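Working through the structure, step by step
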Amino acid sequence: MSIVNAKEIMVEAAKGKYAIGAFNITDLVQLEGVVDAAVELKSPVIIQTSVKPSKFLGTEVLVAIFRTIAASAPVPICLHLDHCTEVAYCKTCADAGYTNIMIDASKQPYDGNIAQTKEVVDYCHKAGNISVEGELGTVSGVEDQIKVAEDEAQLANPEQAVKFVEATGVDIFAPAIGTAHGVYKTKNPKIDFERLGKINQLLNGGGVKTPLVVHGGTGLPEDYIKKLIEMGGAKFNVSTELKHTLIDAKYEYLSAHRDEYDPGKVDVAVRDAIRKAVSHWIQMLGSAGKA
Ligand code: 13P
């Protein structure tokens, strides 16, 4: 139906008190599984690639596949570049046709983060209908090429967050609030809900202008997800769960069919497992029926 940027669907989500799932994919089968779930449940969706799979598959190939699939899918779809630390590669992906770009300069000193983020914002806004995500504070764990130790993670300061958003002009904003990339080591991770609520109040209290992103979706308990949405989370990033789903589904299928050499059947099993996992997320985020 429509190729959209992340901001447009997130503004609607924030106003309606639901959130959009942003799913990291590494191949075509995963991508198809994500879209299957979104179409089945009539939900807007964000497809994400981190830098490594983006470079491996090639931006032109990825964007061509995305556009072909999006053209026939009856739901709004965004293609997002996740956690890119290189300004030049952000620009390459914007030129290629990604519709949301995350420049992750969160490991830079504050002024450097502002300068790099603003450069990408200016470029993307000139290039077309591309929204930009910036991050302040650091999310612990491992995502693609970015590793942050637990004791190095820093939560976003709400007042500084407002200054950061004003100085950079980012369209959507990811404050570090204690969520982490990868599998949580405890069942009840320590998340600073109030911090997200305060940042949301400061940025969006007078009407939604800069919707907020929650990183580290994998393993968050459902009641946490609901509370984070209440506090302003409008995009939830989910990566590790889909990697596990892909590998487990392949392993299970191959273990049960050791004498069969039919790759198409393995793909069908993976696509269906991804569809189920993403459907569960869409239900939890409340975006079913919002397309
Ligand atoms: P998880 O791998 O914990 O789901 O985090 C994903 C993420 O935040 C990607 O940006």
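Structure: above.
One structure accompanies this document, and this report is about it. Quick caveat: nothing in here was measured; it's all calculated off a predicted structure. (Residues numbered from 1 in each chain as written. Predicted model: local features only at pLDDT ≥ 70, side-chain atom pairs only at ≥ 80, totals over all residues. Heavy atoms only, no water.)

Quick look at the pairing of strand 2 (residues 20-24)
Within strand 2, five of the five residues are buried, which leaves it mostly tucked inside the rest of the structure. Side chains Ile20, Ala22 and Asn24 project from strand 2 onto one buried face, and the interleaved Gly21 and Phe23 project onto a second face that is buried too. As paired strands, strand 2 and strand 11 (residues 233-238) are joined by four bridges and run parallel to one another. Along strand 11, the bridge assignment pairs Ile20 with Lys235. Pairing analysis gives three bridges linking strand 2 to strand 3 (residues 45-50), with the strands arranged parallel. Across the sheet, Phe23 pairs through a bridge with Ile47, a residue of strand 3. (Buried < 20%, exposed > 50% of the residue type's maximum accessible area, 1.4 Å probe, protein only. Helix = DSSP H or I, 4+ residues; strand = E, 2+ residues; numbered from the N terminus. Pairing = 2+ DSSP bridges.)

Notes on the packing of aromatic side chains
One pass over the full model with this rule turns up two aromatic pairs. Seen from their ring centres, Phe193 and Tyr224 are 5.3 Å apart, and the 75 degrees between their planes marks the pair as edge-to-face. Taken together, the residues span a long stretch of sequence, with Phe193 in helix 8 (residues 193-204) and Tyr224 in helix 9 (residues 222-230) at a distance of 31 residues. As far as burial versus exposure is concerned, Phe193 and Tyr224 are alike and both buried. When the ring centre of Tyr89 is taken as origin, the NZ or CZ atom of Lys55, which lies over that ring, is 4.9 Å away. Above the plane of the ring of Phe193 lies Lys227, whose end atom (NZ or CZ) is 4.6 Å from the centre. (Phe/Tyr/Trp six-rings, centres within 6.5 Å; stacked < 30°, edge-to-face > 60°. Lys NZ or Arg CZ within 6 Å of the ring centre and 35° of its normal.)

What about the environment of Ile69?
Along the polypeptide, Ile69 turns up in helix 4 (residues 59-72). Residue Ile69 is classed as buried on the basis of its relative accessible area, which comes to 13%. Other than its neighbours up to four places away in sequence, Ile69 contacts Leu28, Leu31, Glu32 and Val35. (Contact = heavy atoms within 4.5 Å.)

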